[in-house]
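Each chain, written out:
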Amino acid sequence: MAAQDVVTLVQRLDAHGVDTCIGGGWAVDALLGEQTREHSDLDLWVPAAHLERLFVAFAEAGVDRIFPWPGDRPWNFVLHNGVRLRVDLHLYEPLADGSLHYGSVAAGGSIPPGALAGHGSIAGTAVRCESAEWAVRCHTGYPARDVDRHDVTLLCHRFGIPLPEGFEPLEGHSPSSPA
């Protein structure tokens, strides 16, 4: 997925009043202020209350098909346009204490305040994204893939976050000293 596609989709959602926060690999690159690798999709955090507006905006862009994916749930599923645009949606509900609820009523979890309050840029356009700490947390807790090692190591190096267990520092860099 190209950077300009991300910017165009986010601007379209914004025009429809959809509150979006970029997650996943694009959040990492937004925080770093540059694209560091290829991305197959765009992860988006969106309030569940904005889903209808999101569907309208995406339908206008042709992103109107469900892309079945293992582990799909009503609060996390993938939409696509049948060609190259693929969006992994993460729906949440704001709670009175400022945290966010993600998941089902019975088995959901709480996202801490500030987790989705990061700021960065994609292709020179300012975007809201996951915080660096939350992005690191979201890239751990499962067997790390090469892209996870890449993303986590860059974030930890840039933001002075301790490298999680099982991740190796970038060659020639100390993970605890910012660039």
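All values derive from a computational prediction rather than experimental measurement.

1. Observations concerning the overall build of the chain
At step 1: Along its length, the chain carries 5 helices and 9 strands.
At step 2: For the chain, the succession of helices and strands along the chain, N to C, is α-β-α-β-α-β-β-β-β-β-β-β-α-α.
At step 3: Relative to the 2.2 N^0.38 estimate, which gives 16 Å for 179 residues, the radius of gyration of the chain is 16 Å and therefore close to what a compact globule would have.
At step 4: By its C-alpha atoms, the chain is 45 × 35 × 30 Å across when sized along the principal axes.
At step 5: A buried classification covers 46% of the 179 residues belonging to the chain.
At step 6: Across the chain, every contact between residues at least 6 apart in sequence was considered, and the portion connecting residues at least 24 apart equals 48%.
At step 7: Entry remark: accessible area of the chain is about 9,100 Å², with carbon and sulfur atoms responsible for 55%.
At step 8: Looking at charge distribution, the chain has the averaged site of its 12 positive side-chain charges lying 3 Å from that of its 23 negative ones.

2. So, helix α2 (residues 24-32)
Each full turn of the α-helix corresponds to 3.6 residues, which orients residues three or four apart in the same direction.
At step 1: For α2, the buried fraction is high: 9 of the 9 residues fall into the buried class.
At step 2: Taken as a whole, α2 has its buried residues at Gly-24, Gly-25, Trp-26, Ala-27, Val-28, Asp-29, Ala-30, Leu-31 and Leu-32.

3. Describing the layout of surface pockets
At step 1: Considered as a void within the structure, the largest pocket measures approximately 900 Å³ in volume.
At step 2: Around the largest pocket, the lining comprises 33 residues; the ones closest to its centre are Asp-43, Asp-88, His-90, Tyr-142 and Arg-145.
At step 3: When contributions to the lining of the largest pocket are tallied by element, the ones reaching two or more residues are α2, β2 (42-47), β4 (76-80), β5 (86-94), β7 (109-111), α4 (132-138) and α5 (146-159).
At step 4: By residue class, the composition of the lining of the largest pocket is 11 nonpolar, 11 polar and 11 charged.

4. Re the pairing of strand β9 (residues 125-129)
At step 1: Sheet analysis places strand β8 (residues 118-122) next to β9, joined by 5 bridges and oriented antiparallel. Residue pairing across strands places Ser-121 opposite Ala-126, the latter belonging to β9.
At step 2: In this structure, the hairpin formed by β8 and β9 is closed by a connection of 2 residues, where Ala-123 is found at a positive phi of approximately 50 degrees.

5. Here we look at the nonpolar core
At step 1: By size, the foremost hydrophobic cluster in this structure holds 42 residues, and its most contacted members are Ile-22, Leu-44, Leu-54, Phe-58, Leu-89 and Ile-122.
At step 2: Apart from residues lying up to four places away in sequence, Ile-22 is in contact with Val-6, Val-10, Ala-27, Leu-42, Asp-43, Leu-44, Ile-122, Val-127, Arg-128, Cys-129 and Glu-130.
At step 3: Counting 9 residues, the second largest nonpolar core, distinct from the first, contains Trp-45, Tyr-102, Ile-111 and Ala-115.

6. Remarks on the packing of α2 against α5
At step 1: It is at 10 Å that the axes of α2 and α5 come closest, and there the two elements cross at 25 degrees. With respect to α5, the element α2 is oriented roughly parallel. Judged by the sense of rotation from one axis to the other, the crossing of α2 with α5 is left-handed. Each of Gly-25, Val-28, Leu-31 and Leu-32 in α2 lies in contact with α5, whose residues at this interface are Asp-151, Leu-154, Leu-155, Arg-158 and Phe-159.
At step 2: The residue inventory of the contact of α2 with α5, partitioned by class, reads 6 nonpolar, 1 polar and 2 charged.

Cut-off values and rules
Residues numbered from 1 in each chain as written. Predicted model: local features only at pLDDT ≥ 70, side-chain atom pairs only at ≥ 80, totals over all residues. Heavy atoms only, no water. Helix = DSSP H or I, 4+ residues; strand = E, 2+ residues; numbered from the N terminus. Rg over C-alpha atoms; globule rule 2.2 N^0.38 Å. Buried < 20%, exposed > 50% of the residue type's maximum accessible area, 1.4 Å probe, protein only. Contact = heavy atoms within 4.5 Å. Areas by Shrake-Rupley, 256 points an atom, 1.4 Å probe, with all protein chains shown as cover. Lys, Arg positive; Asp, Glu negative; His and termini not counted. Charge placed at Lys NZ, Arg CZ, Asp CG, Glu CD. 1 Å grid on protein atoms, 1.4 Å probe; cavity = no way out; pocket = protein on both sides within 12 Å on 5 of 7 lines; lining within 4 Å. Points joined across faces, edges and corners; volume = space filled by probe spheres on them. Nonpolar A, V, L, I, M, F, W, Y, C, P; charged D, E, K, R; others polar. Pairing = 2+ DSSP bridges. Core = buried A, V, L, I, M, F, W, Y, C linked by side-chain atoms within 4.5 Å. Axes fitted to C-alpha atoms, helices over the stretch in contact; angles between N-to-C directions. Parallel < 35°, antiparallel > 145°, perpendicular 65-115°, else oblique. Left-handed = near helix turned anticlockwise from the far one by under 90°.

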